Every structure is written in C-alpha cells, then in structure tokens.
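If you want the building blocks of each chain, they are given just below.
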Amino acid sequence: MSTPIHRTSTRQSAAVLASAQQRREGSRTGGTSARSTEHALLAMQSRAGNRATTAAVQRARDGARDPARDTERDGAAENGGTSAGAKKNYRDRIAALLDRFKKNLEPIDTFIKGFQTPTNAAFTQQAAVSANEGLKHSTAASGTSAASGNLLTEAAGTVVSGMDAYKNMKDAKKHETGANHHTAKKRAKTKGADAVVGAANSGSYSAAIAKEVTKVQKAADAAVASEASGIASASIGAIKGMRSAFRVGGAARKYKEVKNLGDPHLVHAGSLARLNESREQAGWAAAEAYVALDAYWGHDGQERLELVSEAIDAAWEAMGEARDAAESLQRAGRDVEKLSTVQGYAKKKQLTKMGKETVSGGGESTKAAAGIVTAVAAGTVGLASNPVGWGLAGAGAGLVLGVTMYKALRAATKRYEEVHHPERWAPQGETPAEAASRKESLKHALKFWKKVSKGERQAMAREIYALAAGPDISGSGSTTAEMRESARSLLIALKSGPAKHKLDPEAWGETLNDPAKTGGWIQEIAEQLASG
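Counting restarts for each chain: residues are numbered from 1 in the order of the written sequence. Given that this is a predicted model, residues contribute local features only at a pLDDT of at least 70 and side-chain atom pairs are listed and counted only at 80 or more, while totals for whole chains, interfaces and linings are drawn from all residues. Calculated side-chain values reflect all of the structure's heavy atoms, with hydrogen atoms and water omitted.

*Asks:* Any chance you could explain the overall build of the chain here in plain terms?
*Replies:* On a plain count of helices and strands, the chain comes out with 16 helices and zero strands. Out of the 532 residues in the chain, the part that is buried amounts to 39%. The criterion used for residue contact is that any of the two residues' heavy atoms lie within 4.5 Å. Of all intrachain contacts in the chain linking residues separated by at least 6 positions in sequence, the fraction that spans at least 24 positions is 79%. Total accessible area computed for the chain in this model is approximately 28100 Å², and 58% of it derives from carbon and sulfur atoms. Working definition: helices are DSSP H or I runs of at least four residues, strands are E runs of at least two. Numbering for both runs from the N terminus. Exposure classes here rest on a 1.4 Å probe applied to the protein chains alone. A residue is buried below 20% of its type maximum, exposed above 50%, and partly exposed in between. The Shrake-Rupley method, run with a 1.4 Å probe sphere, supplies the accessible areas, and residue values consider only the shown protein chains as cover.

Printed below as a string of structure tokens:
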C-alpha cells in the first residue's frame, strides 16, 4: 500500500520542482513574491498530506501486530489448522486492521476536506482569473494529493463497511428473531448503504484525480475531465444530502412517537395516588392494631395473654403491610423519575441527530451545487473560473467540517469521562474501575479509533431495560405493571417492539424476562437511542 503513495509523492515533487523553476523564470521577468508564497503553501499542503498518510499506514501496521492475537491464531492452527473458525478469525483480523487504518486516516481526510480542498478551489479561481500557468500547475498538483488522500480513506471505509454488512447479514440469519436479530439486520442495512455510498464516492474522487492530472499534464481534454468530475461530485453530494434528509425524517418520527407517550408524572399520577391511598390505609390499620394491643394489655380475664399475643401478631402484620405500601410508593416514585429521565434523553438524542444531519446534509447539498457550477463553468467559460463554485465549495466544506469537529469533540469528551469518572455511569451493583489520572485520561480521549463502552447512552439503556424487563430479571421484580407497560411502550417508540423483532407481543415480553438475553437487549436499546 505504501508503493502508490511513494509514486504520488514523486509526481508531486516533480510538480513542485517545475513550479519552482517557473517561479525563478518569473522572478527574472518581474514575478511577485505573493505568487511565490501561494506556490509554497500548495507545495507544503502536498508534502504534509503525503507524510501524514504514510504515518497513518505505519500506525495501522503497528496496531495489527498484536502478540495476543498472534498467540490466539497459532493456537487455533494447532487445534484445527484451516478450520472455519480459523478463517473467521483471519477475516476478523483483516476487518480490524482495515478499520484501524481507516480511523487513522480520518483526521487527515478531515484536514483535506475542511482546509486543503477549499484552499485549492480558491487558488484555482485565482489562477483562472489571472491566467497564471505556474499557479494552475501547483494547484493541480496539490489537488491530486488531496483527492488521492480522500480516495484512500473512502476506499478503506468502503471495504470495512462491506465486510461489516456481510458479517451482520450472517448474524441476522443466525438470530432469526429477537433483539440480536433486529440489531444485526439494522446494522447490515446501514453498513450496506455506507458501502454503496462509499463506492460511489470513491468513483467521484477518482474523477477528481483524473481532472487534476489532466491539468498537471496540460492535456487537451482537461475541460472534459473537469466537467465529468463536477457532475460526479454533484451526484454524490445529492445522494448524501438525500440520505441525511431520510435520517432527519426518521429521527423526527421517533421523537414524535416518544413525545406522544406523555409526561410520566402525569401519566402515572393516578397510579401514584392509588399507591399513596394504600399506604395511608395501611398506616391507619397499623395504628388501629396498636390501639387494640393497648386495650388487650388492660384486660383482666384469663385469656389476656392469648389476646395480647394475637394483638401483637396483628400489629406486626399491619406494620409490615404499611412498610411494604410505603416502599412500593417510593419505588414507583423513583421509577417515574427514571422513566421521565430516559424519555427526555431519548428525545434529546433525536433532536441532536436531526440537527447534525440537517447541517451535514446542507453541507453535502451545497457541495453538490458547487459541483454543478464547476461542471457548467468547465463546459462554458473555462476550468473552474466561476467564483460561485469556489464559494459554494468552501461553504459546504465548512458545514461538513463543523459537524465532524463537533462529533470528534463529543467523542473525546466521553472517552475522557469514561476513564476519569468511571463511577458516573457504572452499572448499579458493580464496583467501578479505578479512576485514571488526568494525564492518562487525556491520552485515552485522543484515541479516536476507540468507541465509548461505558457512557451515558449505555447507562440509559440499562435503565430502560430495568423498567421494561420482567420479574425474573434482578432488580425488576418490584416494578409495577403500569410502569412496566409504559417502559415497553417506550421500547416500541424506539423501534424495538415485537414487529421489529419478528415476534408476537407475548413472545416479545418473554424475551424481556429472559436473563440470558439481557446483554442483547441493552445493546439493542443503546443503538436505538442513537439512531433515527
């Protein structure tokens, strides 16, 4: 994989040398220092992109050299050699390597999309207006570097998505019903769509490379290549924009369904009032039992001790009923608060998703408009000579970059809290891990290739499951029937109901009451909270 990168670097170095020679000739004929600065900036962008890509490849290779995994592979070879399990392990290792490689490339890809590509568009516009051939050449070399980096990241992501889709399709067939089936099926659809979009995007970047190469070589068909690249860019931008629109629609529908469940404090006001009435009646019964006990203490007959004994038993039983009624009321009150919290969290997640997808889709649509302008300009008045194309490209890149940076910052913050405050979202009854130092937490936060495994979303999923689960699940036996029904209605609103799991309501309820399916249910709920 390093060989093509080396060839790209050689072409760019040649381009930079040619540009430097043109600058020397320009200086002898009166060239300005400002243009020299432009050439230097573009050359610096190209070199930085190549060095960063090479470093990402090396990090991915280092991450693949895991002694534990090698030991596991050797053990599998000794016990079975070329068995299906060994092949599966080999596929998993390849998928892990490609995923690590892609995630190492993502920061570079973000820099290219957010900074290098818009800068190139600006310089391309300036070169077209000023008819500066040297600047055109340098911009084309930098554009080739940028498109190559984009293509490498997109191609790796496409392969990873395809492998994930295949794996989840097999898992969905393995688990014919239930939460595991629905989770795998949903992932297979999402990853399959990611693979299709990634393949189309790879084609768009290939067209962009061809466009820039024709500029470098000053080919006669440069205008045709530029027009084709603009059309490809517009098409993929439109596809991504429509996909974001569908995601916004899905999140909006889920938000509406959760909202329609109503405020738990109002929904369960009646049941709480009945529990409170039961507590009061039990309290009165206990008080009456103690009054009767006092009366029997003053009895002078021979049956005094027997009556007192019976009164003590009655008072003890009445106090137990009063205590149980009070505990039921307190438990129901806490459950109402939990249900209110998780419903609020679910609505907040959908609103956040709608916001991110709206901004991201707007950025992609703007980039699609920029591609159309580029294609029209290439076919009419020259290569990217319209400033509108440059402005739209910059605006679209800015919107997409903003969403990317927001997601990266949020993920880093969650990774930091995961190890620095492990007690914050630790499962109930589980001893939290020892808190890491600030320095170690910051290091963990910067590991952008790692996912958060013990965060707020996972904690909320556990809360929802505890409320919806049956009496056989530890900690859920005292949940009232009304509260359990409301929590299960929330699951249906989150698209985790019986129909989604290919089960009838009774069988669906049994899976919620099965301790063996607890892990799958929590994972399912966590994913549904994050998706639209």
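*Asks:* Whenever I open this one, a positive patch on the surface confuses me. Can you help?
*Replies:* Think of a patch as exposed residues, more than 30% relative accessible area, with no salt bridge, where like charges cluster within 9 Å and nonpolar side chains (Val, Leu, Ile, Met, Phe, Trp, Tyr) cluster within 5 Å. Just to be clear on terms, a salt bridge is a Lys or Arg side-chain nitrogen sitting within 4 Å of an Asp or Glu carboxyl oxygen. As used throughout, the charge tally considers Lys and Arg to be positive and Asp and Glu to be negative, leaving His and the chain termini uncounted. Note on charges: their place is set at NZ of Lys, CZ of Arg, CG of Asp or CD of Glu. The grouping of Lys185, Lys189, Lys500 and Lys502 at the surface amounts to a positive patch. Along the polypeptide, Lys502 turns up in the loop between helix 14 (481–493) and helix 15 (505–512).

*Asks:* Help me out: how do you make sense of unusual backbone geometry in this one?
*Replies:* Glycine aside, negative phi is the norm for most residues, and most peptide bonds take the trans geometry. In this structure, Lys495 is a non-glycine residue whose phi angle is positive, near 65 degrees. Relative to the elements of secondary structure, Lys495 occurs in the loop between helix 14 and helix 15. Under the relative-accessibility criterion, Lys495 is labelled partly exposed at 22%. With phi around 60 degrees, Lys502 is a residue other than glycine that occupies positive phi space.

*Asks:* What is the right way to read a negative patch on the surface from this model?
*Replies:* Judged by side-chain charge, Glu303, Glu306, Glu310, Asp313, Glu317, Glu321, Asp324 and Glu327 come together as a negatively charged surface patch. Position of Glu321 relative to the elements: it lies in helix 10 (residues 304–380). Judged by its relative accessible area of 44%, Glu321 is partly exposed.

*Asks:* Can you walk me through helix 16 (residues 518–530) in this structure?
*Replies:* The periodicity of an α-helix, 3.6 residues per turn, causes residues three or four positions apart to be oriented the same way. Helix span is expected to be 1.5 Å times the residue number reduced by one. Here helix 16 contains 13 residues, and its C-alpha end-to-end distance of 19 Å stays within 8% of the 18 Å for a straight helix at 1.5 Å per residue. By the burial criterion, the buried members of helix 16 are Gly520, Trp521, Glu524, Ile525, Ala526, Gln528 and Leu529.

*Asks:* How should helix 12 (residues 438–445) be read in this particular structure?
*Replies:* Taken together, the buried positions of helix 12 are Ser441, His444 and Ala445. The buried residues of helix 12 occupy an angular sector of 100 degrees when the element is viewed end-on, so they sit on one face. Note: the arc covers the axis-to-C-beta directions of the helix.

*Asks:* Sorry if this is basic, but what is going on with the layout of surface pockets here?
*Replies:* Computed from the structure, the second largest pocket encloses a volume of approximately 570 Å³. In terms of lining, the second largest pocket is formed by 27 residues, of which the most central are Gln428, Ala459, Arg462, Glu463 and Ala466. Among the secondary structure elements, those contributing two or more residues to the lining of the second largest pocket are helix 10, helix 13 (456–468) and helix 16. Considering each element in turn, the lining of the second largest pocket owes the most residues, seven residues, to helix 13. The classification used treats Ala, Val, Leu, Ile, Met, Phe, Trp, Tyr, Cys and Pro as nonpolar, Asp, Glu, Lys and Arg as charged, and all other residues, Gly among them, as polar. In the lining of the second largest pocket, the residues fall into twelve nonpolar, seven polar and eight charged. Using protein atoms alone on a 1 Å grid, points that fit a 1.4 Å probe yet trap it form a cavity, whereas open point sets bounded by protein on both sides within 12 Å along at least five of seven lines form a pocket; residues with an atom within 4 Å of a point count as lining. Grid points are joined across faces, edges and corners, and a volume is the space filled by probe spheres set on the points.

*Asks:* Sorry, what's going on with the confidence of the model for the chain here?
*Replies:* The predictor's confidence in any single residue is recorded as pLDDT, a number from 0 to 100. Summarising the model, the chain shows a mean pLDDT of 77, and 73% of its residues fall at 70 or more. Residue range residues 381–385 is modelled with pLDDT below 50. Its contacts to residues more than four positions away, or to other chains, number 14 contacts.

*Asks:* Teacher, can you tell me more about the nonpolar core here?
*Replies:* In summary, soluble globular proteins display a tendency toward joint burial of nonpolar side chains. What is meant by a nonpolar core is a set of buried Ala, Val, Leu, Ile, Met, Phe, Trp, Tyr and Cys residues, joined one to another through side-chain atoms within 4.5 Å. Counting residues in each nonpolar core, the largest one holds 29 residues, and the members touching the most others are Ile464, Leu491, Trp521, Ile525 and Leu529. Sorting the residues of this core by element identifies helix 10, helix 13, helix 14, helix 15 and helix 16 as the ones contributing at least two each. Per-element accounting of this core gives the leading share, six residues, to helix 13. When sequence neighbours within four positions are dropped, the list of residues in contact with Ile525 reads Ala461, Ile464, Tyr465 and Leu491. Membership of the second largest hydrophobic core comes to seven residues, among which are Ala282, Ala289, Ala318 and Ala322.

*Asks:* Honestly, the side chain of Asn150 in this entry has me stumped. Any pointers?
*Replies:* Looking at where Asn150 falls in the secondary structure, it is placed in helix 5 (residues 133–174). For Asn150, a relative accessible area of 5% gives the class buried.

*Asks:* Is there a simple way to explain the environment of Asp324 in this structure?
*Replies:* Its location among the elements puts Asp324 in helix 10. Counting along the chain gives 45 residues from Asp324 to Arg279, while the straight-line C-alpha distance between them is 8.2 Å.

*Asks:* Help me understand a nonpolar patch on the surface, please; the structure alone is not making it clear to me.
*Replies:* Taken together, Ile239, Met242 and Phe246 make up a surface patch of nonpolar side chains, about 350 Å² in accessible area. The exposure class of Ile239 is partly exposed, given its relative accessible area of 38%.

*Asks:* Please explain the packing of aromatic side chains as it appears in this structure.
*Replies:* Remark: the centre distance and the inter-plane angle together describe each pair of aromatic rings, the angle taken between the planes. Here a Phe, Tyr or Trp ring, Trp counted by its six-membered ring, pairs with any other such ring whose centre lies within 6.5 Å, and the pair is stacked when the planes are under 30 degrees apart, edge-to-face when over 60, and tilted otherwise. Taken as a whole and assessed by the stated rule, the structure comprises one aromatic pair. Taking 6.1 Å as the distance between ring centres and 70 degrees as the angle between the ring planes, the aromatic pair formed by Trp508 and Trp521 counts as edge-to-face. With Trp508 in helix 15 and Trp521 in helix 16, this residue pair connects regions lying 13 residues apart in the sequence. Like Trp508, the residue Trp521 is buried in the burial classification.

*Asks:* What should I look at first to understand the packing of helix 14 against helix 15 in this one?
*Replies:* Any two packed helices are characterised by how steeply their axes cross, that is the angle between the axes, and by the distance between the axes. Throughout, an axis means a line fitted to C-alpha atoms (over the contacting stretch in the case of helices), and angles, computed between N-to-C directions, take values from 0 to 180 degrees. Close contact between helix 14 and helix 15 brings their axes to 13 Å; oriented N to C, the two are set at 105 degrees. Of the possible angle classes, the one that applies to helix 14 and helix 15 is roughly perpendicular. Between helix 14, through Arg488, Leu491 and Ile492, and helix 15, the contact on the second element is made entirely by Trp508, Gly509 and Leu512. Of the residues that constitute the contact of helix 14 with helix 15, the class distribution is four nonpolar, one polar and one charged. Between 65 and 115 degrees an angle is taken as roughly perpendicular, under 35 as roughly parallel, over 145 as roughly antiparallel, and anywhere else as oblique.

*Asks:* Explain the environment of Leu329 here, please?
*Replies:* Mapped onto the fold, Leu329 is located in helix 10. The buried category is assigned to Leu329, whose relative accessible area is 19%. The residues contacting Leu329, other than those within four sequence positions of it, are Leu272, Leu275, Asn276 and Arg279.

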